[in-house]
Amino acid sequence: MSRTTFFEVEVLDGRTRQQLCFLDKVEPHATIGEIKSLFHKSYQQLYPARQDLKLDPKGKSLRDDDVLQNLPVGTTATIYFKDLGPQVGWTMVFLAEYLGPLFIYLLFYFRAPYIYSHQDVFTSSPYSVVTLACACHTCHYIKRLIEAIFVHRFSHGTMPLRTIVRNCVYYWAFSAWLAFYINHPLYTPPSYGDMQVNYALAIFVLCELGNFSIHVALNNLKAEGGPKCRRFPHPTKNPFTWLFFFVSCPNYTYEVGAWASFSVMTQCLPVALFTFLAFIQMTIWAKGKHKTYSREFKDYPQLRMPIIPLLL
Amino acid sequence: MWYTGIHVVSAKWGSVMSAPAMGTTKTAHSDVAPKKKRGPGALATAYLVIYNVVMTAGWLVIAVGLVRAYLVRGSYHGLYFSIEKPLKFFQTGALLEILHCAVGIVPSSVVLTGFQVLSRVFLTWAVTHSVREVQSEDSVLLFVSAWTITEIIRYSFYTFSLLNHLPYLIKWARYTFFLVLYPMGVTGELLTIYAALPYVQKTGLYSVTLPNKYNFSFDYYTFLILTMVSYIPLFPQLYFHMMRQRKKVLAHVEEYKTE
């Protein structure tokens, strides 16, 4: 007859050290995820995604799949809690972040009332590049929505509400700003005319296809590998993925390329500014990812740079 | 303007350095300057001491210049012109402080420092220098004097902190004078920007209109108004932050003194 030693878990507030919850008769092979569910029973508002549990208030957060008996605790475990604030699921996040720019741009394209002067309401631009730009911008965000719903797999379930509000304000405001100029009655088409527009359009399309190919490739990597098997991405038969020979994050490379070509196509300074800021942010992310890859895999290709082949 | 809030981290760093003997006190302070950032090396310290001494001297020159000009003219009006050059030189020189943070010899945030220095430089060059008509306004004297006193105290605070010999008086002044100087400076700045508005609108200063080749526009007049509006959320935050710092820093020393 075997007797399992039950654990006791006390949950303390990370800042005040007050005891928030005491759980006794916890199974030793219970996971942190299950403990979060138990904690949720005592505190209705604090659903598991909002809970940040740690063994050391200054240390790393515990993962949901950590098993209690494998943690460095005695039979009475002390865990520190922090409220991460209201959380939103990733799919909702992307919907909010992408639907906004999509519709906002269209408001400007169709020259809804109160944006431009009264006589310009619901008029259209004589320039084909303006319609083309609308098509490109719209397709870009539709593609992103499709990817968000069908392609991406997310490692974290949620994102804090504050961050989403901030991100949405940024994306929505910027798309309003650039849409304002492109669809303005006083818009000036590109200096080199159709040649400039067509070349830029070609590059835009290639970059969008490239970006999509990379997302699919990364997704397949996660699908095949599963959570424990970690591999880094490789070039495949798809020529767009051959950028993996040169960079760690070709999805970001293609994204910058798409926006840069959109800037050239519309010859609009606000778009170029948006591209520049996006480039800075994505470079930061790419460098982080590159570092993670380099550290984790001994055989990581030396030739690869984070975002720009051979340079950055 | 929000210079009184600047280098809050270095202020903490400074007070950690100046309170080595307080072994029995709660370590609220050492918690605050954590992360084991090894302070600047000997060469960097020497450079920073020189930098801070030079800046202290510079702002003293401005202070003396203001007083002399007042005594000579017999009135408060138009004193800006007598200190225009050193003001521009030393306020612009403060841009180096962004570099200090970026390089790491000063433990402050680059973004925060950058924001604070740039707002000062903006007022000096893009408002006061650019719009001649406001240079004779009294509001200019208001913010210049606030800046002058603040900077003299601030740079001497850093100098003494770096030399590990911070007189309580300087620390007290740094964390007390702002209570008056900060609102005074903000008032002067806002009034100056407000005074500049009609001239900016009339001349279209720094503004770009449509149509143009790059499909861009910028209205400096609106930008200035937005700048003024931004003081509303920002000023109270920084002010109350300094007040909280004051409580922490000065209360700490009180404890020591009552032992």
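Residue indices follow the written sequence of each chain, beginning from 1 at its first position. The naming scheme follows written order: chains are lettered A onward, ligands numbered 1 onward. A pLDDT threshold of at least 70 governs which residues receive local features in this predicted model, and a stricter bar of 80 or more applies before side-chain atom pairs are shown or counted, although totals over entire chains, interfaces and linings include all residues. Side-chain descriptors were evaluated using all non-hydrogen atoms of the structure, hydrogens and water having been removed beforehand.

Per an unreviewed UniProt entry, chain B is named Very-long-chain (3R)-3-hydroxyacyl-CoA dehydratase, and its organism is Oncorhynchus tshawytscha. UniProt positions are given in the numbering used here, feature names are shortened, and annotations may be inferred rather than shown by experiment. According to its UniProt record, chain B has this under Pathway (unreviewed entry): "Lipid metabolism; fatty acid biosynthesis."

Chain A goes by Very-long-chain enoyl-CoA reductase in an unreviewed UniProt entry, where it is assigned to Oncorhynchus tshawytscha. Checking UniProt for chain A, the heading Subcellular location (unreviewed entry) contains the comment "Endoplasmic reticulum membrane". Taken from UniProt, the Sequence similarities (unreviewed entry) comment for chain A reads in full: "Belongs to the steroid 5-alpha reductase family."

Q: Before we move on, can you summarise the interface of chain B and chain A with the specific residues and values?
A: Residue-level contacts link eight residues of chain B with twelve residues of chain A. Defined in terms of a 1.4 Å probe, buried area is the accessible area two parts forfeit on being brought together, summed over both. Summing both sides of the interface, chain B and chain A together bury roughly 920 Å²; the carbon and sulfur share of this comes to 59%. The largest share of the area that chain B buries against chain A comes from Leu 210, Asn 215 and Phe 216 of chain B, three residues that together contribute 57% of it. By definition here, a salt bridge exists when the distance from a side-chain nitrogen of Lys or Arg to a carboxyl oxygen of Asp or Glu is within 4 Å. At the junction of chain B and chain A, the tally comes to zero salt bridges. Contacts described as polar in this section are N or O atom pairs within 3.5 Å, which, within protein, must combine one atom able to donate a hydrogen with one able to accept it, while residues neighboring in sequence count only if both atoms come from side chains. Our enumeration of links across chain B and chain A arrives at six residue pairs in polar contact (both at pLDDT 80 or more). A contact between two residues is defined here by any heavy atoms of the two lying within 4.5 Å.

Q: Explain the side chain of Thr 124 of chain B to me, using residue names and the numbers behind them.
A: Residues and elements named next belong to chain B. Here a helix means four or more residues in a row that DSSP labels H or I, a strand means two or more in a row labelled E, and each is numbered from the N terminus. The topology assignment puts Thr 124 in helix H6 (residues 110-129). Relative accessibility thresholds used throughout: buried, under 20% of the residue-type maximum; exposed, over 50%; partly exposed, between the two (1.4 Å probe, protein chains only). Thr 124 sits in the buried class, given a relative accessible area of 2%. Here the side chain of Thr 124 touches Arg 120 through a polar contact of 2.8 Å, landing on its backbone oxygen. Every residue in contact with Thr 124, bar those within four places of it in the chain, is listed here: Lys 88, Gln 91, His 129 and Trp 147.

Q: Give a detailed account of the pattern of salt bridges, specifying residues and quantitative values.
A: Where side chains of opposite charge bring their charged atoms close, a pairing between them can arise. Residues and elements named next belong to chain B. What the rule picks out here adds up to eleven salt bridges over all chains. For Glu 151, the salt bridge is made with Arg 154, and the minimal N-O distance between the two is 2.9 Å. With Glu 151 and Arg 154 both in helix H7 (residues 138-162) and three residues apart, the pair spans about one turn of that helix. According to the relative accessible area criterion, Glu 151 is buried, its value standing at 0%. When salt bridges with common partners are traced through the structure, they connect Glu 97, Arg 120, Glu 151 and Arg 154 into a single cluster.

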